[in-house]
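# A structural walkthrough
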Amino acid sequence: MEHSLIVKLKAQTVFSSDQHWLYPLFELEDYLKQSDTIASDLFLSDKIAGKAAACLIVFLGIKKCHIELLSERAIPVFEANGITFTYEHLVDHIQCRTEDLITDKMSISDAYLFLRKRAGRVQGLSVKLENVSVRIDEKLVIDHLHLDLGRGEQLIIHGANGAGKTTLLRTMLGFIPIAEGTIKIGDYLVGSDLWKQNRSIIGYVHQENINNNFPISSGEVVQIGLGKSRISKSETEYRIEVAMRRTGSFHLFKQPYHTLSGGEKQRVSLARCLCQNARVFLLDEPTSFLDQQGKEDLLILLSELSLNEAPSMILVSHDLQWIEQLKWPRKELKGGRLC
Amino acid sequence: MLELLSLTPILKGLIVLAIAGFTFPITGVYLFRLNLLPMRFMLMHGAILGGAMALAFQINPFWTTISVNLLLVLFMAKTSRSMKTDAGQISTFFMVISISLAFIFIYKFNVPAKDTLTLLWGNLFTLSWTEVTGIGLFGVILVGFQYYFRRQLRALFFDREIAFTSGIDESHLYYAVVLLIAITVALAMKLIGALLLDALLLLPPIIASFRSRSLRGMIIGSAIWGGCFAIGGFLLSIAIDIPASSSIAALASVAFIIIYLIRNK
């Protein structure tokens, strides 16, 4: 079989793929994550590459490549990032809609995330609220609200205190009954039997209860994410460690949870969501009890999560200064509707 | 003192207290963590209602008390959930209803109030072997439940909402925990009485919580302290001829004060 992508290390083929579109490059990404190979030592040969492929090649850390059919749009990307490249045929552009969607304003990371979402290689699920109304004590708090969040997308919902931000999140979690409308997380209709069996797809980080002094270690908090799944001890330990390392909280493993700072608690809570394998993260006022350093750390952590695991994330906050820095799309909840 | 153990009621008393001492404090931990302390007053009054009913209808007070408490707990949990009201408030309501019903039974069926109120100080030495076996089985169930559901229980006690979103069936787990508490309180009342059951149920978890860093540590610590208080208190009662329930409570209280003082030194 003729391979579309061949990767060599010192003249020896270490990876090949016969997939189409950008999938061979994503497969290469998986290979690089699993092996000790240093990407900059590799030589990549591809059948065809446009601007999208160029961005991915740069993101993966490849430094040398040969492309049979190269789009002119890819050249500035290679040149700007110091890639040594050769080609056999050069064309104005290749017949690929994706290439048109990569704008010059996008950074390599932005382009990578965009391509991952397009390739369906994100952990996140879509979130769809249709005509949702919620009443609390006869008061209409959410009023025929619509929301459509794509897979792996992020959204900040802000608004004044009492606008119903937390109510909205709690409704998505199934804590508050819907008076009207439907909520779908991926293919699961919130409240349905199927959703009840799979509700751990949503990871919830709520406002920290400062009075919770339950004697529990941080590692045990992360383990809660495993729910009632019965897996071996070694697998349990592995999943906890991976999740905690991802959020930079593994050193807190044995520390009593209630002795942690606000920022450390947020890291542990996010690790719990990762351990849970949650595909939608709902974060309720995550900066409530954080100092300046904690806020900055959380900013970095959320950016990293959105780039790597790419869960769909909805964050509610009234901390306008902080959400400004997060650079996620924003909507205001006002009068029970998003605007 | 050892020759007293050859007497069957004394031996049964020691066996039952040892079982209760090592296992009942587990539900004390549950009571604390779910903030269900007001519920235990409801259960105490429920036990008096059960006692009054048993004497009125001349049925076994042991099983009647347990049945009444189970029904009260089910009503409480159901009402609390459907009315979205704090379980503490609902249990206060059921507490009042229980005691009023108990006195109606006492009055209408000419039940000697003194007999009903013996529940307040328990009757450890009147247990049948069936009841001893029943308490033993319950102790095994309690330990088994804690072991099998340890992870889910930890999540439930940490945060019910987080437990729910992690896929844990926290609602049924909560009901199961509340049922176990109900049975424990009913049994503890039978053993050491309503007024002193806290010594067996609550003091061990409080002492254990001073040093525990995990739920596991708290459960094990509570069980050890509970067992020591029960056996130590029982032997002390024989040695200085005082009621077993009083000596258990006194021993637990003295231990609590000493440990508290050491901790705050």
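Owing to the predicted nature of the structure, the values given are computational and were not obtained by experimental measurement.

Right, let's talk about the overall build of chain A for a bit. Assigned secondary structure in chain A consists of 12 helices and 15 strands. Relative to the compact-globule value of 20 Å for 339 residues, chain A shows a C-alpha radius of gyration of 23 Å, a close match. Seen along its three principal axes, the alpha-carbon backbone of chain A occupies a region of about 70 × 45 × 40 Å. A separation threshold of at least 6 residues defines the contact pool for chain A, and within that pool the share at least 24 residues apart is 64%.

Below, the discussion takes up the packing of helix α3 (residues 37-57) of chain B against helix α4 (residues 61-82) of chain B. Residue and element names in this part refer to chain B. As a packed pair, α3 and α4 sit with axes 8 Å apart at the nearest point and diverge in direction by 135°. If you check the angle between α3 and α4, you find them oblique. As α3 packs across α4, the resulting crossing turns out to be right-handed. In this structure, α3 contributes Met39, Met42, Leu43, Gly46, Ala47, Leu49, Gly50, Gly51, Met53, Ala54 and Leu55 to the contact, and α4 contributes Pro61, Thr64, Thr65, Ser67, Val68, Asn69, Leu72 and Met76. Taken together, the residues of the contact of α3 with α4 sort by class into 12 nonpolar, 7 polar and no charged.

Sheet strands pair via backbone hydrogen bonds, and the direction of the pair is either parallel or antiparallel. Residue and element names in this part refer to chain A. Here 5 strands make up an open sheet; going across it, the order is β2-β1-β3-β4-β5 and the pairing mixed. With one partner strand each, in any of the chains shown, β2 (12-17) and β5 (84-91) form the two edges of the open sheet. Here the strands of the sheet are splayed against their neighbours by 15° on average, with no regard to which way each runs. Two strands pair when backbone bridges link them, and strand β1 (residues 5-9) and strand β3 (residues 43-49) are joined in this way by 4 bridges, in the antiparallel orientation. Each residue of the ladder has a partner; that of Lys8, found in β3, is Phe43. Here helix α1 (residues 23-34) sits on the sheet in contact with β1 and β2, set at roughly 130° to β2. Along the sheet, helix α2 (residues 51-60) makes contact with β3 and β4 (64-71), crossing β3 at roughly 165°.

Residues and elements named next belong to chain B. With respect to the helices, strands and loops of the structure, Leu5 is situated in the segment before α1 (8-23). Once the C-alpha coordinates of Leu5 and Phe234 are considered, the two residues, 229 residues apart in sequence, prove to be 11 Å apart. Once residues within four sequence positions are removed from consideration, Leu5 is found in contact with Ile10, Leu11 and Leu14.

Bringing the nonpolar core into the picture now. Core analysis: the biggest nonpolar cluster contains 141 residues, and Leu282(A), Ala20(B), Ile181(B), Ala188(B), Leu200(B) and Ile248(B) have the highest contact counts within it. For this core, the element with the highest residue contribution is helix α10 (residues 170-192) of chain B, accounting for 13 residues. Excluding residues that lie within four positions of it along the chain, Ile181(B) makes contacts with Thr27(B), Tyr30(B), Leu31(B), Leu36(B) and Met39(B). Counting residues in hydrophobic clusters, the runner-up holds 28 residues, among them Phe15(A), Leu28(A), Ile67(A) and Phe78(A).

So, on to helix α5 (residues 87-108) of chain B. All names here are of chain B. Compared with an ideal rise of 1.5 Å per residue, which puts 22 residues at 32 Å, α5 spans 31 Å between its outermost C-alpha atoms and is within 8% of the ideal. Those residues of α5 that sit buried are Ala87, Ile90, Ser91, Phe94, Met95, Ser98, Ala102, Phe105 and Ile106. Taken around the axis of α5, the buried residues stretch over an arc of 145°, which confines them to a single face. Pointing more than 90 degrees away from the buried face of α5 are the exposed residues Gln89, Ser100, Tyr107 and Lys108.

Now for the interface of chain B and chain A. Taken together, the contacts link 22 residues of chain B with 22 residues of chain A. Elements with a contribution of two residues or more to the side of chain B that touches chain A: α8 (150-158), α9 (160-165) and α13 (215-240) of chain B. Here the side of chain B that touches chain A gets 6 residues from one element, more than from any other, and that element is α8(B). Class assignment of the residues belonging to the side of chain B that touches chain A gives a composition of 8 nonpolar, 8 polar and 6 charged.

Moving on to the sheet that holds strand β15 (residues 337-338) of chain A. Residue and element names in this part refer to chain A. The strand order across the open sheet formed by 6 strands is β11-β12-β13-β8-β14-β15, and the pairing between neighbours is mixed. The strands lining the two open edges of the sheet, one partner per strand, are β11 (202-205) and β15. Alignment of strand β8 (residues 154-158) against strand β14 (residues 330-334), held across 3 bridges, turns out to be parallel. Note that in β14 the partner of His158 across the bridge is Glu332. Across the face of the sheet, helix α6 (residues 165-172) comes into contact with β8, β12 (280-284), β13 (312-317) and β14 while running at roughly 150° to β12. Contacts from helix α10 (residues 262-275) reach β11 and β12, with the element oriented near 170° to β11.

Here we take up the domain arrangement of chain A. Residue and element names in this part refer to chain A. Domain annotation of chain A identifies domain 1 (5-118) and domain 2 (127-338). Taking only C-alpha atoms, the centre of domain 1 and the centre of domain 2 are 34 Å apart. Contact residues are listed per partner, giving 4 residues for domain 1 and 4 residues for domain 2. Per-class residue counts for the side of domain 1 that touches domain 2 are 1 nonpolar, 1 polar and 2 charged.

Bringing the pairing of β14(A) into the picture now. Residue and element names in this part refer to chain A. Inspection of the sheet shows β14 paired to β15 by 2 bridges, in the antiparallel sense. Each residue of the ladder has a partner; that of Leu333, found in β15, is Leu338. Where β14 folds back onto β15 in an antiparallel hairpin, the turn is made up of 2 residues, including Gly335, whose phi is positive at roughly 60°.

On to the pairing of β11(A). Residues and elements named next belong to chain A. Taking every second residue as pointing to the same face, both faces of β11 are buried, with Ile202 and Tyr204 on one and Gly203 and Val205 on the other. Relative to β12, β11 is paired through 4 bridges, and the arrangement is parallel. Among the inter-strand pairings, Tyr204 is bridged to a residue of β12, identified as Leu282.

Below, the discussion takes up unusual backbone geometry. Of all residues except glycine, most have a negative phi; of all peptide bonds, most are trans. Residue and element names in this part refer to chain B. Positioned with a positive phi, Asn35 is a non-glycine residue whose angle comes to about 55°. Locating Asn35 in the fold gives a position in the loop between α2 (25-33) and α3. The exposed category is assigned to Asn35, around which 11 C-beta atoms lie within 10 Å. Positive phi is not limited to glycine here, since Asp241 has a value of about 55°. The topology assignment puts Asp241 in the loop between α13 and α14 (244-263).

Parameters and conventions
Residues numbered from 1 in each chain as written. Chains lettered and ligands numbered in written order. Predicted model: local features only at pLDDT ≥ 70, side-chain atom pairs only at ≥ 80, totals over all residues. Helix = DSSP H or I, 4+ residues; strand = E, 2+ residues; numbered from the N terminus. Rg over C-alpha atoms; globule rule 2.2 N^0.38 Å. Contact = placed C-beta atoms within 7 Å. Axes fitted to C-alpha atoms, helices over the stretch in contact; angles between N-to-C directions. Parallel < 35°, antiparallel > 145°, perpendicular 65-115°, else oblique. Left-handed = near helix turned anticlockwise from the far one by under 90°. Nonpolar A, V, L, I, M, F, W, Y, C, P; charged D, E, K, R; others polar. Pairing = 2+ DSSP bridges. Core = buried A, V, L, I, M, F, W, Y, C linked by C-beta atoms within 7 Å. Buried ≥ 20, exposed ≤ 12 C-beta atoms within 10 Å, placed from the backbone. Expected span 1.5 Å × (residues − 1). Arc of directions from axis to C-beta. Domains from an automatic or database assignment.

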